[in-house]
Amino acid sequence: KEGDIGAPPPLGVWDPLGLIETRNMARYEVMEIKHGRAAMLGFVHVILIEAGARFPGYLSPSQGLKFSDMPAGCFASLEALPTAGWLQIMITTCMMETGYFLFEAQTVEKEPGDIGGSFWIRYDDPEVKTYKLNIERQNGRAAMMGMIGCLVHELIGVDALYPTGGLGGAAPPTIF
């Protein structure tokens, strides 16, 4: 309803097909928060990788693959990651999702997105809490759109962060 977390002004609730009344919206809220958090981490990853930031050492010692050998592009880095690395990522994600590692599982008794346990920051003031949760939702939505933009830019052959460089993908010229 109007004024709920995730429906701030000026847009509020926009449901032209009336699906809110026919669906389990708590499930969709949890999915939106999870995807938003993943997209925020993913967008920071794109920025750091495009800037040249890499961990020192080996990504896969058995294959002689260093972190510095990984390409900067979203799709290129996906293709360059060894299968064992993908399995580790999937197992860790599944363990975090179910509450066996690092986080607690999302249950129906908890607020959507409340998976941090006792380490999570809590706000006693309801107004501050609503403000912070709305910021998280909006930033997550923006990050999801940002990641889609980065992926589309790469698919059409330009740089993920500097698409105005033409099909060569170079950064735009400086103005000053």
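Residues numbered from 1 in each chain as written. Predicted model: local features only at pLDDT ≥ 70, side-chain atom pairs only at ≥ 80, totals over all residues. Heavy atoms only, no water.

Looking at the environment of Met 95
Stage number 1. You can see Met 95 is positioned in helix α3 (residues 83-98).
Stage number 2. Residue class for Met 95 comes out partly exposed when judged on its relative accessible area of 33%.
Stage number 3. Between the C-alpha atom of Met 95 and that of Phe 55, which follows or precedes it by 40 residues, the distance is 24 Å.
Stage number 4. If we skip the residues at most four places from it in the chain, Met 95 touches Tyr 100 and Phe 101. (Helix = DSSP H or I, 4+ residues; strand = E, 2+ residues; numbered from the N terminus. Buried < 20%, exposed > 50% of the residue type's maximum accessible area, 1.4 Å probe, protein only. Contact = heavy atoms within 4.5 Å.)

Remarks on the layout of surface pockets
Stage number 1. Of the voids in this model, the largest pocket is the one considered here, and its volume is about 2,000 Å³.
Stage number 2. Around the largest pocket sit 47 residues that line it, and Ala 38, Leu 41, Gly 42, Ile 89 and Thr 93 are the ones nearest its centre.
Stage number 3. Secondary-structure elements contributing two or more residues to the lining of the largest pocket are α1 (25-50), β1 (58-60), α2 (74-80), α3 and α4 (126-155).
Stage number 4. Top element by residues in the lining of the largest pocket is α1. It accounts for 13 residues.
Stage number 5. Each residue belonging to the lining of the largest pocket can be placed in one class, and the counts come to 30 nonpolar, 12 polar and 5 charged.
Stage number 6. Each pocket or cavity is described by its volume, and for the second largest pocket that value is around 850 Å³.
Stage number 7. Taken together, 25 residues make up the lining of the second largest pocket; nearest its centre are Gly 6, Ile 20, Met 25, Glu 32 and Arg 141.
Stage number 8. Of all elements in the fold, only α1 and α4 reach the threshold of two or more residues within the lining of the second largest pocket. (1 Å grid on protein atoms, 1.4 Å probe; cavity = no way out; pocket = protein on both sides within 12 Å on 5 of 7 lines; lining within 4 Å. Points joined across faces, edges and corners; volume = space filled by probe spheres on them. Nonpolar A, V, L, I, M, F, W, Y, C, P; charged D, E, K, R; others polar.)

That's the geometry; what it means functionally is another story.
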